[in-house]
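Spelled out, the chains give:
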Amino acid sequence: MDGGEDFGPWLARQLKRARKTQTELAEAVGVTRAAVSAWITGRATPRDETIRKIADALGTDLGTIHSRTTDTLVGRPVIWCHRPAYADGGREFGNAAAFAFEADVGVLAREATQNSLDERLTGNNQPVRVRYTLEELTGESLARFREAIGWDALFPHFESAAAQDQKVGRVIAAGLHEMYTRDRLVLLRVDDYNASGLTGDDYETGRFAAVVRRQLDSHKSMSSAGGSYGLGKATLWATSRLGLVLINSTLSEPHEGRTERRLIGRLDLPWREVDDKSYAGPAWFGQPDPDVEGEDVARSWWGDEAMVERLHLTRESSEPGTSFLIVGAHDVASLADPSSTAEAVGSEDDDSVHRMHERLVEAIGRDFWAAMTAGGASQPLLEASVRTLRNGMELIPEQRIDPHEAQPSRARALQAFLEGTTVERLTESGQVAMTTVPLNVPGREGRRSGGEHRAVLLVTRVEDDDDPKPHNTVAMMRGNRMTVRANSVPALELGTDPFQAVLLAGCAAGDDAPFAEEAEAFLRVSEPPEHDKWGQTEELRMRYSPSAYRRIATLTRDANNAVRELVAAPKEKRRASTDRLRKRLAVGGKRPARPAVTGDLPVLDELDAHVGTDGAWRITAEVKVPRGGEAWHLAPVAKLDVRSGPRPVVTWSELVAVHNCEFVDGMLHFTPGARRATFRGVTNVSTHPVQAELTSLVVELHTGKGDKA
């Protein structure tokens, strides 16, 4: 018999799952128990006529016996197993991890695509392929899908959860109302190929358990991995109005001797009561685990092709990777998107598959254009596409995302770097200038320094009419080439041509970049769960030092200086531009009068902050004062950094002028002619809404009118 798993272990597992003994099988087949034992240990192989009897006893067919790539489900069907309520009476009204993100397909695309990038198989030097499939189910197609997922058994749990006056309950109620009043359900499937798949045991440490069983377990081993908090997977469930995700994984490493069609479902609901029994929250769709008494724990199972088709989880090939099916997908955030053109196709609701398709394409192109760019001998890290179906029929054709269409100038810049065709200065159309910017990585574990890393800076002029705005920005990234942030370059000279710049730091800077691994690790822990900036984080302070984030501020400042140098117009062009502007401003042959306040606003250039023993933030700030900037009188304002909503303002208990400045009635006055000024401050602990150790600090300089300088 040829199959995916040796016959003996496979047979032993099927008997265990069916809760049958070797003696019971022997009686059903008409052989001795010793014969069954010999099959299981591999000392003997049953004859063909006996194999047919084994198939009948297990309630399966000969194909399953011979292939041994699926499970026989006799006596142990696939069911929903709900976690019982906590014995101590504790109640959770939703998955807290899901509240870290909005119900936004743009956020989903960023987190899910990042996870696929992190799981890319690198041995074949091929990209990970990610495909998003939206499907709208109605009528008979919807009825068949609900039957496949055991909807009748689930509905009482949804009904109980929806009746609760809690946020999650209201979302579920809206999802049920949508499905029953409009006879419509939106599915969103995320498939990746050339990826690891959910390998490992159902419960022990591994990729499967990290995604399906655990919270805050990222299980990322590569230093260049985008994820580090274990929160990104929560976006899958947050995007479902029903809190329901089904999974089909093809493994890169066999588990139980098999690799294809490992299936499981997970449902995240709040605490609820059904039929006088209380349930804690999550539930799993699988086979009851034979090692657990009762039927409260479900484990993954190996399905057949018919099963994955009924669950809308059919994969296009046997290539390793995972398919996540979000049931009841919605995109509330799209209602606030003024750029959406979905109304043009006649749909105005927030779950419009046209709008969701459009926003997925835009988000992937914006955040992952660099991962999809190839050049020279370098293959792209990622290929991505989006398609939309209605009841299995194509509604919007599959759209492969081209980085040169999504981000023309930036993709051209990165391609030139990969092909080795950059220049030192921009002198002709289409050129890409390259330089390096130092990042002094702080040391760890008693070391004074982690080394000087040289990040790669690329600059090219915007020459494409469809290049997305804003221009004059620096897109920053590290090893997985996902855009972490894109900052505008300040203080550009008059007459500067529009440009785009790219900063490649850490492993993204290339194999020859010095101290790339050290820089990668440093920048990775400086990112919040959203991975949308580099700055102060609790992990950064613990692993390095409270002031380590200042290295990032220095990197940003040096990158901006390098960009300004590369895009600066030649002196002849600057002089001509100034002359043209002077002629346009002159009135009656006289120059306009100079304003009372001249120069740019002073800016906070350096900030060293730490929490003192009294629980107050203590800062030393250095202000850069431009020519004429001493005329400004500014007030330092301290705010606590939070993930969403306005930043709480805290007052100062002390402000002390140190160099080239003084405080008059709380306002900062600068010494005439000074170009740098320093002051110190201590926050008032009584105005802190939370402990300082649990926050980050933001200091801003405001004008006397309350405007931010």
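Residues numbered from 1 in each chain as written. Predicted model: local features only at pLDDT ≥ 70, side-chain atom pairs only at ≥ 80, totals over all residues. Heavy atoms only, no water.

S.K.: Explain the packing of helix α6 (residues 105-118) against helix α13 (residues 353-368) residue by residue, including any values.
M.R.: What describes two packed helices is the angle between their axes and the distance between those same axes. Contact pair α6 / α13: the axes reach a minimum separation of 9 Å and the direction vectors enclose 50°. Considering their axes alone, α6 and α13 lie oblique with respect to each other. In this structure, α6 crosses over α13, and the sense of that crossing is right-handed. Note on element contacts: α13 touches α6 through Met356, Arg359, Leu360, Ala363, Ile364, Asp367 and Phe368, opposite Val105, Gly106, Ala109, Arg110, Thr113, Gln114 and Leu117. Taken together, the residues of the contact of α6 with α13 break down into eight nonpolar, three polar and three charged. (Axes fitted to C-alpha atoms, helices over the stretch in contact; angles between N-to-C directions. Helix = DSSP H or I, 4+ residues; strand = E, 2+ residues; numbered from the N terminus. Parallel < 35°, antiparallel > 145°, perpendicular 65-115°, else oblique. Left-handed = near helix turned anticlockwise from the far one by under 90°. Contact = heavy atoms within 4.5 Å. Nonpolar A, V, L, I, M, F, W, Y, C, P; charged D, E, K, R; others polar.)

S.K.: Run through helix α1 (residues 7-18), naming residues and quoting values.
M.R.: In this model, α1 (twelve residues) spans 16 Å end to end at C-alpha, consistent with the 16 Å of a helix rising 1.5 Å per residue. Every buried residue belonging to α1 is among Phe7, Gly8, Trp10, Leu11, Gln14, Leu15, Arg17 and Ala18, and all of these are buried. Two residues or fewer after α1 comes Arg19, characterised by a positive phi angle close to 55°. (Expected span 1.5 Å × (residues − 1). Buried < 20%, exposed > 50% of the residue type's maximum accessible area, 1.4 Å probe, protein only.)

S.K.: Please provide a residue-by-residue account of the confidence of the model for the chain, values included.
M.R.: Within the chain, residue pLDDT values average 84, and 83% of them lie at 70 or more. Within the chain, the element-level pLDDT minimum falls on helix α19 (residues 571-585), averaging 49, and the maximum on strand β11 (residues 382-390), averaging 98. Counting interchain partners and residues more than four positions distant, the pLDDT-below-50 stretch residues 340-348 has 15 contacts. (pLDDT = per-residue confidence, 0-100.)

S.K.: Pulling in residues and values, what's your account of the side chain of Arg213?
M.R.: Inspection of the secondary structure assignment puts Arg213 in the loop between α10 (207-212) and α11 (234-238). Among the polar contacts made by the side chain of Arg213, one reaches the main-chain carbonyl oxygen of Asp202 at a distance of 3.4 Å. Within the local environment of Arg213, its side chain forms a polar contact with the backbone oxygen of Ala298, the two atoms lying 2.5 Å apart. For Arg213, the residues in contact, after removing those within four places along its chain, are Asp202, Tyr203, Phe208, Arg266, Trp284, Ala298 and Arg299. (Polar contact = N/O pair within 3.5 Å; in protein donor to acceptor, adjacent residues only side chain to side chain.)

S.K.: Break down the side chain of Ser323 for me, citing the residues and quoting the values.
M.R.: Along the polypeptide, Ser323 turns up in strand β10 (residues 321-329). Only 2.5 Å separates the side chain of Ser323 from the side chain of Asp191, close enough to count as a polar contact. Of the polar contacts made by the side chain of Ser323, one reaches the side chain of Arg315; its length is 2.9 Å. Ignoring sequence-local partners within four residues, the contact set of Ser323 consists of Arg189, Val190, Asp191, Leu246, Ile247, Asn248, Leu313 and Arg315.

S.K.: I'd love a proper account of the packing of aromatic side chains, names of residues and values included.
M.R.: According to the stated counting rule, one finds seven aromatic pairs in the structure shown. On the basis of an interplanar angle of 85° and a centroid distance of 5.8 Å, the ring pair of Phe285 and Trp301 is categorised as edge-to-face. Placement of the pair is Phe285 in strand β7 (residues 277-288) and Trp301 in strand β9 (residues 301-302), with a sequence separation of 16 residues. Since its relative accessible area comes to 5%, Phe285 is described here as buried. Taken together, a centroid distance of 5.2 Å and an interplanar angle of 80° make the contact between Phe522 and Tyr544 edge-to-face. Taken together, the residues span a long stretch of sequence, with Phe522 in helix α16 (residues 516-524) and Tyr544 in the loop between α17 (538-543) and α18 (550-567) at a distance of 22 residues. (Phe/Tyr/Trp six-rings, centres within 6.5 Å; stacked < 30°, edge-to-face > 60°.)

S.K.: Could you give an account of the nonpolar core, naming the residues involved and the relevant values?
M.R.: Counting 52 residues, the largest nonpolar core has Leu457, Val459, Phe522, Val563 and Ile619 as the members making the most contacts within it. When residues no more than four places from it in sequence are discounted, the contact partners of Leu457 are Ala433, Met434, Thr435, Val437, Val474, Ala501, Val502, Leu503, Ala559, Ala562, Val563 and Leu566. (Core = buried A, V, L, I, M, F, W, Y, C linked by side-chain atoms within 4.5 Å.)

S.K.: So what about the packing of helix α2 (residues 22-29) against helix α4 (residues 48-58)? Which residues, and what values?
M.R.: Where α2 contacts α4, the two axes come as close as 9 Å, and the packing angle between them is 120°. With respect to their mutual orientation, α2 and α4 come out oblique. Like other packed secondary-structure pairs, α2 and α4 cross with a definite hand, here right-handed. Residues Leu25, Ala28 and Val29 of α2 lie in contact with α4, whose contacting residues are Thr50, Lys53, Ile54 and Ala57. In the contact of α2 with α4, the residues fall into five nonpolar, one polar and one charged.

S.K.: Describe the sheet that holds strand β19 (residues 617-624), naming the residues involved and giving the relevant values.
M.R.: Note: strands within a sheet are paired through backbone hydrogen bonds, in either parallel or antiparallel orientation. Spatial strand order, β18-β19-β25-β22: four strands in an open sheet with antiparallel pairing. The open sheet has two edge strands with one neighbour each: β18 (603-611) and β22 (652-659). Sheet twist, expressed as the average angle between the axes of neighbouring strands with direction ignored, equals 20°. As judged from the eight bridges shared by β18 and β19, these two strands associate in the antiparallel manner. By the bridge assignment, Asp608 is partnered in β19 with Thr620. (Pairing = 2+ DSSP bridges.)

S.K.: Hey, could you go over unusual backbone geometry for me, with residue numbers and the actual values?
M.R.: For the peptide bond that leads from Lys469 to Pro470, omega is 10°, which places it in the cis range. Tracing the sequence through the fold places Pro470 in the loop between β14 (449-461) and β15 (473-477). Non-glycine residue Arg261 carries a positive phi angle of around 60°. Following the sequence through the fold, Arg261 ends up in the loop between β4 (240-250) and β5 (262-268).

S.K.: Please give an account of the sheet that holds strand β16 (residues 485-488) that cites residues and values.
M.R.: As summarised here, the arrangement of the five strands in space is β13-β14-β17-β15-β16, forming an open sheet in which the pairing is mixed. Single-partner strands in this sheet number two, and they are β13 (433-442) and β16. Averaged over neighbouring strand pairs, the angle between their axes works out to 25° when direction is ignored. Packing against the sheet, α16 makes contact with β13 and β14, and its axis sits at approximately 70° to β13.

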